[in-house]
Number of protein chains: 2
Amino acid sequence: MKGLMMDSHLTVSSILQYAEKYHKDGEIVSRNVEGGIHRYSYQDAAIRSRCLANALKRLGVTQQDRVATLAWNTHRHYELYYAVSGSGAILHTINPRLFPDQLAYILNHAEDEVLFLDLTFIPLLEQVAPQLKSLKKIVVLTDREHMPKSPLPDAIPFLCYEALIEAESDAYEWPDIDETSAASLCYTSGTTGNPKGVLYSHRSTILHAWASISREALDIGNNNTLLPVVPMFHVNAWGIPYSATMVGAKLILPGAGMDGASLCELIAAEQVDLLLGVPTIWLGLLQYCEQQGITLDPVKNVVIGGAAAPITMIRDFQEKHNAFVMHAWGMTELSPIGTVNSLNRYMSNLPLEARYTLQTKQGRPVYGIEMKIAGQDNQALPHDGESFGHLLVKGPWVATSYYKEDKSPLIDGWFDTGDVATIDPQGYMNIVDRSKDVIKSGGEWISSIDLENAAIGHPALAECAVIGVPHPKWDERPLLLAVLKEDMEISKEEIIFYLSDKVAKWWLPDDIIFVDELPHTATGKILKMKLRESYQGTLS
Amino acid sequence: MKGLMMDSHLTVSSILQYAEKYHKDGEIVSRNVEGGIHRYSYQDAAIRSRCLANALKRLGVTQQDRVATLAWNTHRHYELYYAVSGSGAILHTINPRLFPDQLAYILNHAEDEVLFLDLTFIPLLEQVAPQLKSLKKIVVLTDREHMPKSPLPDAIPFLCYEALIEAESDAYEWPDIDETSAASLCYTSGTTGNPKGVLYSHRSTILHAWASISREALDIGNNNTLLPVVPMFHVNAWGIPYSATMVGAKLILPGAGMDGASLCELIAAEQVDLLLGVPTIWLGLLQYCEQQGITLDPVKNVVIGGAAAPITMIRDFQEKHNAFVMHAWGMTELSPIGTVNSLNRYMSNLPLEARYTLQTKQGRPVYGIEMKIAGQDNQALPHDGESFGHLLVKGPWVATSYYKEDKSPLIDGWFDTGDVATIDPQGYMNIVDRSKDVIKSGGEWISSIDLENAAIGHPALAECAVIGVPHPKWDERPLLLAVLKEDMEISKEEIIFYLSDKVAKWWLPDDIIFVDELPHTATGKILKMKLRESYQGTLS
């Protein structure tokens, strides 16, 4: 028997329509790419988004067309989030930090016909233009005054965003859309192969937003002032453009200004109480604060994701800025939020040092996400905080497959995250390594990341990588590749001695090789696969 | 194109499974009907719920069977919430305050075969038993020690709850259930006709829980200690058994002890910070506190729904107990939450007196609920805080129809709440009257409730009711029926004079009739329809 409840669709446009009625005075403050600050309300944003929806129609965008963006976190990018998905097309946000070949691949693969881009990215467009096959129209996210000359052939219209909006009426009825249809598209670039597209639905977007505003997740309410430094071109800025709108929080969009000075200025001027971003950004911010003698007084919570937050960062935010770090973990395939390490009753009762240690873990899954760790044989491993296993997830905002790919990546209905993790008895998950990077030594696993973290503490090391290389007796053993700081000298033995009280004896690298530099991906990850190829014969 | 996201079903059992893993030490504290306090964890509750699911199977309960409960807020009733819905049957909670005829009608209409009931309600069962047609088995929510003799014919098994649980294993796999299937059933008893059943789905239950934990709604997190005094036999206790479990909040279930002394004891002993219930309960609690010189120190928020919260109550909680009142509004047909008047940026900036006045409104819809007011011609009325209109709602936890009724109550896809309300420019909704009670005078509407609230302030009045009666010139005019306090005497003119500076002149009642008593429904509402019949000729 079916329940007798309304069959209402959960759609992206419903959030903005709600905000226009109930959070209409809520502010969106944006640092312009052209300079200066733009400030308006959710009501203004809703009105302009409707004009933009009309403009999209005029540009020939129809249902489920992919519309590409290459843009910073600004109010115009925000409008695209709602106008594109809300009108039934698919918002395709592109990471400008990818290599030009990858960018071209993505634009062609998604068959984007219209691209909206910030002034910053015009040189990039020029560079990739010769490779583009589907692109028909370019819209520059600026006003008439700042409109540049087109670097492209005349056949491709080169339009001004503000002129498009101006020409349209705000009379637009958001269509009712099946909640399972695609709303947005984001490509994930691993370290191997071509980027793969993850296609979010309206339903997954709304459920993810609901889950993420809760106090057990990002804890976002109407009273908050949010500064998402995590980019809107990367997994929808962790869904903040949706979740902030749902509660009408004051939303601060930093544009291209991600340096310490620009962020500090916004935090103080707008009284930001919730920061969201990756560790690298916070390292820059903390260093700037230290140099300038600034404390981040309005900030109450800092959500850190994208990479592990070191304990020193957790401690610094707490002790120097009275700000609580919420460590989070996710993936493009998870919309992205999987776990959040939020303040709960259990953590509140811990002594401070124990709390910091707990905060270095990636946290517990938010309700909606199921999570388990499995061994090589796909058997579930115990949640004892010790057992390493492949991290598998399930839930209504987890990908089942990739755009235009037939092969399902699922194993018995579970998505393999490609991470290796532990889960402790309280359910706290800790990422130990990437599955392909973990070192399989005599049937036991060694975390390359833990070894790197231990080694990088040595004052002579600028960067390092640990890889598993084939070994005749143990299958694999760890090899440490180390880049020394300028003018530093040190012996292998000194590093081994330094590590000896930090990791188990059987974890100690079998060898250390000093190198001048390490290879990286476009987004800054070390290309360990390449290292494994280069050094595979070292221990055999 | 469909989004490529997992098609996970949102089911009631998923909440308890989640809590068992991630909130396993979270406490559920329950006042036993037999006396004393029961205390256990979400993990214990999950284990016992699985035993109970096995017991249900043994009792012959199959998919979508209705399973009835007549029970207070206790841990056993909580277990039924999960075991019944989680196993795919339908939890049918029954309000023991209904008249016996209504109870019998409901049990027969739902074709309940198994009834779980508290010791308290055995005399009631005895009373209605002769009228019951479908009931086959009775389970008493107690242990062997307290098990009474059956008052029913021997043919009807009369079982002990604890004995049932004891006999079962906790090995049970919660089935995967289509999220649109029915999970629970609650009858609403209006002032006319037979009670009507609202059939909630798994999906609506989960979405409602997600919406209600947010800071813009009931603001429930893991750190909270909740005391839902709103009964689990009435619209699922506003969904608290689901929402508290979702976040692992400490849950205090008051059993049958709803008096001031019992509540005060629990609040102090368990450090309750969030109360939820109807005004009558809080009136009792506030009076008890006043008499005993008690302040409710741990309490931070009080959610008041079910009837309008008077400004004096809002002020008392704030000024005497430092507790913020969140006024809420809902209906059985809305699962029940429609609006909540939570603390947001706008309200925080108001002076205290203006804030109290705003708090008397029922608040803004939570995200998910759409709301409008419409005139007689079904045209939307402005949100100016002045225009009275029929309150219409939409959303994924709003009923489309009633159990076993063909006729849809919807108007163009909207559910007519039967209330008349205003909505102000900030979106705050204020219930003005019931549609059938509002007085239509010369094309304008007069709120019977506002008139009653003004009149009841007179010290000589014990109770009063205002009804519209036919009038040759104005269609309807207000008539005030007043019950005087014992030994009080007063003239009609004195009451009119008392009202004259409290309401508009054209609102003043055309006549006042003193009566000894007013007729009420089983749940305490004044039967205005009966009054309108009795007094229809008064003004013509």
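Everything numeric in this text was worked out from a predicted model, so none of it was measured. (Residues numbered from 1 in each chain as written. Chains lettered and ligands numbered in written order. Predicted model: local features only at pLDDT ≥ 70, side-chain atom pairs only at ≥ 80, totals over all residues. Heavy atoms only, no water.)

To continue, consider the interface of chain B and chain A. Taken together, the contact pairs 76 residues of chain B with 76 residues of chain A. Together chain B and chain A conceal approximately 6,100 Å² of surface at their shared face, both sides included; 55% is due to carbon and sulfur atoms. At the boundary of chain B with chain A, the tally comes to 4 salt bridges. Residue B:R203 pairs with A:E179 through a salt bridge whose shortest N-O separation is 2.7 Å. At the junction of chain B with chain A, the criterion picks out 44 residue pairs in polar contact (both at pLDDT 80 or more). (Contact = heavy atoms within 4.5 Å. Buried area = accessible area lost by both parts, 1.4 Å probe. Salt bridge = Lys/Arg side-chain N within 4 Å of Asp/Glu carboxyl O. Polar contact = N/O pair within 3.5 Å; in protein donor to acceptor, adjacent residues only side chain to side chain.)

The next thing to look at is the domain arrangement of chain A. All names here are of chain A. Looking at chain A, the domain boundaries give domain 1 (12-257) and domain 2 (437-540). Across the domain 1/domain 2 interface, buried area totals approximately 530 Å², and carbon plus sulfur atoms make up 70% of it. At the surface where domain 1 touches domain 2, the tally comes to 0 salt bridges. Classifying every residue of the side of domain 1 that touches domain 2 gives 2 nonpolar, 5 polar and 1 charged. (Domains from an automatic or database assignment. Nonpolar A, V, L, I, M, F, W, Y, C, P; charged D, E, K, R; others polar.)

Moving on: the pattern of salt bridges. Residues and elements named next belong to chain A. In this structure the tally under the stated criterion is 58 salt bridges over all chains. Between R39 and E270 there is a salt bridge, and its shortest N-O distance comes to 2.6 Å. Of the two residues, R39 sits in strand β2 (residues 37-41) while E270 sits in helix α10 (residues 260-270), which places them 231 residues apart along the sequence. Residue R39 is classed as partly exposed on the basis of its relative accessible area of 44%. (Helix = DSSP H or I, 4+ residues; strand = E, 2+ residues; numbered from the N terminus. Buried < 20%, exposed > 50% of the residue type's maximum accessible area, 1.4 Å probe, protein only.)

In the superposition of chain B on chain A (RMSD 0.1 Å, axial shift 0.0 Å), the rotation amounts to 180°. Such a combination of turn and shift is consistent with a two-fold rotation axis. Taking the C-alpha atom as reference, chain B places B:S214 closest to the rotation axis, 2.7 Å from it. (Least-squares fit on C-alpha atoms with pLDDT ≥ 70 in both.)

One pass over the structure, following the stated rule, counts 31 aromatic pairs over all chains. An angle of 80° between the planes, with centres 6.2 Å apart, marks the rings of A:F116 and A:Y161 as edge-to-face. Taken as a pair, A:F116 in strand β5 (residues 114-117) and A:Y161 in helix α6 (residues 161-166) lie far apart in primary sequence, 45 residues in all. You can call A:F116 buried: its relative accessible area is 0%. On the accessibility criterion, A:Y161 (0% relative accessible area) is buried. Both rings, one in B:Y346 and one in B:Y428, keep their centres 6.0 Å apart while their planes meet at 35°; by these two values the pair is tilted. One end of the pair, B:Y346, is in helix α13 (residues 345-348); the other, B:Y428, is in the loop between β20 (414-423) and β21 (429-434), and 82 residues separate them in sequence. Taking the relative accessible area as the measure of exposure, B:Y346 reaches 32% and is therefore partly exposed. An aromatic cluster of at least three residues, connected via ring pairs, comprises A:Y18, A:Y22, A:W210, B:Y367 and B:W397. When the ring centre of B:Y402 is taken as reference, the NZ or CZ atom of B:K196 above it lies at 4.7 Å. The ring of B:W445 has B:K440 sitting right over it, with the charged end atom 6.0 Å from the ring centre. (Phe/Tyr/Trp six-rings, centres within 6.5 Å; stacked < 30°, edge-to-face > 60°. Lys NZ or Arg CZ within 6 Å of the ring centre and 35° of its normal.)

Residue and element names in this part refer to chain A. Taking strand neighbours across the sheet as the criterion, the 7 strands line up as β7-β6-β5-β3-β4-β8-β9 in an open arrangement whose pairing is mixed. Every other strand in the sheet has two partners, leaving β7 (158-160) and β9 (196-201) as the edge strands with one partner each. Direction aside, neighbouring strands of the sheet carry axes that sit 25° apart on average. (Pairing = 2+ DSSP bridges. Axes fitted to C-alpha atoms, helices over the stretch in contact; angles between N-to-C directions.)

The next thing to look at is the side chain of A:R76. Residues and elements named next belong to chain A. Examined against the element boundaries, R76 turns out to sit in helix α3 (residues 75-86). A distance of 3.1 Å separates a polar atom in the side chain of R76 from the backbone oxygen of L141. Side chain to side chain, R76 and E162 meet in a polar contact 2.8 Å long. Not counting residues up to four positions away in its chain, the partners in contact with R76 are E34, R48, L141, T142, D143, Y161 and E162.

Turning next to the pairing of strand β21 (residues 429-434) of chain A. Bridging between strand β20 (residues 414-423) of chain A and β21(A) involves 5 bridges; their strand directions are antiparallel. Residue A:D419 lies in a different strand from β21(A), and its bridge partner there is A:R434.

To continue, consider the packing of helix α1 (residues 12-22) of chain A against helix α9 (residues 240-247) of chain A. Residue and element names in this part refer to chain A. For the pair α1 and α9, interaxial distance at closest approach is 8 Å and the crossing angle is 40°. For the crossing formed where α1 meets α9, the hand is left-handed. Residues V12, I15, L16, Y18 and A19 of α1 touch α9, and the partners they reach there are Y242, T245 and M246. Residue composition of the contact of α1 with α9, by class: 7 nonpolar, 1 polar and no charged. (Left-handed = near helix turned anticlockwise from the far one by under 90°.)

All names here are of chain A. Locating R97 in the fold gives a position in the loop between β4 (90-93) and α4 (100-109). Note on R97: relative accessible area 44%, which makes it partly exposed. With 62 residues separating them along the chain, R97 and G35 place their C-alpha atoms 21 Å apart. Aside from chain neighbours lying at most four places away, what touches R97 is W72, P231, F233, M258 and A522.

With that settled, the discussion passes to α9(A). All names here are of chain A. Within α9, 8 of the 8 residues are buried, leaving the element largely enclosed by the surrounding structure. Within α9, the full set of buried residues consists of I240, P241, Y242, S243, A244, T245, M246 and V247. Taken from the residues just after α9, G248 is the one with a positive phi, measuring 70°.

With an omega of 5°, the peptide bond between A:S335 and A:P336 qualifies as cis. Here A:P336 shows up in the loop between β14 (324-330) and β15 (337-341). The phi dihedral of A:V235 is positive, around 45°, even though this residue is not glycine. The topology assignment puts A:V235 in helix α8 (residues 235-238). By relative accessible area, A:V235 is classed as buried at 2%. Non-glycine residue B:N378 carries a positive phi angle of around 70°. With respect to the helices and strands, B:N378 occurs in the loop between β17 (370-374) and β18 (389-394). Of the residues examined, B:N378 reaches a relative accessible area of 28% and is grouped as partly exposed.

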